[in-house]
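Spelled out from the first residue to the last, the chains are:
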Amino acid sequence: MEWMLMPFRRYADFKGRARRMEFWMFALFNLIVYCVLALIVRMMGGGLSNMADVNLSSPSSVFGSFLSGAGIVFLLYWLAILVPLIAVTVRRFHDRDMSGWWYLGFIVIALIPLLNILSSIALIVLMALPGTAGPNRFGPDPKNPTSEDVFA
């Protein structure tokens with residue numbers, strides 16, 4: 001549970017490095033929270049069945065259906081985790097010895113049709129790869145912070 005909540009403790013910390021465990025446990029935590037929220041919304045009578053009554057020709061009707069009840073709960077949770085999610089992803093890039101600006105590049109590429117799938121796969125692969133061993137330009141190794149070269 002400690003790994004799942006660590007990005008909230010380091011809320012807007014874009015410096016340093018993050019281990020794979022920190023990133024993926026935060027992703028798992030968010031998946032669990034979204035599933036619980038979806039279950040609660042479903043038990044309260046919300047869900048996709050309410051979308052059948054929406055007038056698709058009226059944008060305000062579509063946005064109103066998303067932002068009524070269940071949609072607002074998901075939106076508020078997403079806004080609460082947005083900064084920690086970006087911060088832990090940037091720190092994960094730092095662990096790979098890459099600039100955090102690469103994340104912005106992946107987001108921009110994801111806006112291009114057909115390239116968005118490749119961009120998402122590449123981002124998942126980068127987040128799954130191990131970090132650089134030992135210290136790098138972004139800080140000490142979070143896996144073994146005491147492995148400095150003492151006699152160098």
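Preceding this section is the structure that the text describes.
Computed from a predicted structure; not experimentally measured. (Residues numbered from 1 in each chain as written. Predicted model: local features only at pLDDT ≥ 70, side-chain atom pairs only at ≥ 80, totals over all residues. Heavy atoms only, no water.)

Applying the stated rule across the entire model yields seven aromatic pairs. Taking the centre distance of 6.0 Å and the plane angle of 80 degrees together, the rings of Phe8 and Phe29 count as edge-to-face. Within this pair, whereas Phe8 is found in helix 1 (residues 2-9), its partner Phe29 is found in helix 2 (residues 20-43), the two being separated by 21 residues in sequence. Under the relative-accessibility criterion, Phe8 is labelled partly exposed at 26%. Ring centres of Phe93 and Tyr103 lie 6.3 Å apart, and the angle between their planes is 45 degrees; this geometry places the pair in the tilted category. In this pair, Phe93 is assigned in helix 4 (residues 70-95) and Tyr103 in helix 5 (residues 101-110), connecting sequence segments 10 residues apart. The exposure class of Phe93 is buried, given its relative accessible area of 0%. For Tyr103, a relative accessible area of 14% puts it in the buried group. Each residue in the set Phe8, Phe26 and Phe29 is aromatic and connected to the rest through ring pairs, giving one cluster. (Phe/Tyr/Trp six-rings, centres within 6.5 Å; stacked < 30°, edge-to-face > 60°. Helix = DSSP H or I, 4+ residues; strand = E, 2+ residues; numbered from the N terminus. Buried < 20%, exposed > 50% of the residue type's maximum accessible area, 1.4 Å probe, protein only.)

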